Amino acid sequence: GGKMAARLSGGENRLVSLPLSRIRVIMKSSPEVSSINQDALFLTAKATELFVQYLATYSYKHGRGKEKNALTYSDLSHTAEECETFQFLADILPKKILASKYLKMLEKEKQDGEVGEDDEEEEDEDET
C-alpha cells in the first residue's frame, strides 16, 4: 500500500523517485484539498513521474535530440506546440524568442493597434 511505498525513501528499490513531501505540499496548495490519503499521494507521484518520462521520451524521439544525443528545451517546447497530447503545456514550455524580437513585436502591436499571433501567450503571462 501507500504507507509502505512512502517509507521506501532510500535505496535502489524505491518505487517512486519524486519527493512525496514536495508533492503533498503542491496538492495541499489547492483550496479544495483538505486531507491527502497516502495512496492518493503515492499514485499522484507515480503518475507524474510516468508522465514526465513520456514527455521526455516523446520529445527526444521527435526532436533534434537524437542527432546530439541530448534532450534540449527547444525539443520540449516544440512537443508542447506540435503534439495535441501536450498542448496544455504550451504556456509552461513557451518557445524561446530573443528579447529584441519580443520588443519589436510589442512595438508593432502598439502601432497596428491589434494583437499579433502570439497574443494568447502574452495575455496569460500578465495573469501570473
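Residues numbered from 1 in each chain as written. Predicted model: local features only at pLDDT ≥ 70, side-chain atom pairs only at ≥ 80, totals over all residues. Heavy atoms only, no water.

Side note on the packing of aromatic side chains
For the structure shown, the criterion picks out five aromatic pairs. With 5.7 Å between their ring centres and 50° between their planes, Phe51 and Phe86 make a pair best called tilted. Of this pair, Phe51 sits in helix H3 (residues 38–62) while Phe86 sits in the loop between helix H5 (73–82) and helix H6 (99–112), and the two are 35 residues apart along the sequence. For Phe51, a relative accessible area of 28% gives the class partly exposed. Each ring, one from Tyr58 and one from Phe86, has its centre 5.6 Å from the other, and the planes form 55°; the classification is tilted. Here the residue Tyr58 occupies a position in helix H3, and Phe86 occupies one in the loop between H5 and H6, the gap between them amounting to 28 residues. By relative accessible area, which is 22% here, Tyr58 ends up partly exposed. A relative accessible area of 0% means that Phe86 is categorised as buried. Site record: aromatic cluster; members linked through ring pairs are Phe51, Tyr54, Tyr58, Phe86 and Phe88. (Phe/Tyr/Trp six-rings, centres within 6.5 Å; stacked < 30°, edge-to-face > 60°. Helix = DSSP H or I, 4+ residues; strand = E, 2+ residues; numbered from the N terminus. Buried < 20%, exposed > 50% of the residue type's maximum accessible area, 1.4 Å probe, protein only.)

Notes on the packing of H3 against H5
The N-to-C vectors of H3 and H5 enclose an angle of 100°; their axes lie 9 Å apart at closest approach. The angle between H3 and H5 places the two elements in the roughly perpendicular class. Taking contact as the criterion, the partners of Leu55, Tyr58 and Ser59 in H3 are, on H5, Asp75, Leu76 and Thr79. Here the contact of H3 with H5 is composed, by residue class, of three nonpolar, two polar and one charged. (Axes fitted to C-alpha atoms, helices over the stretch in contact; angles between N-to-C directions. Parallel < 35°, antiparallel > 145°, perpendicular 65-115°, else oblique. Contact = heavy atoms within 4.5 Å. Nonpolar A, V, L, I, M, F, W, Y, C, P; charged D, E, K, R; others polar.)

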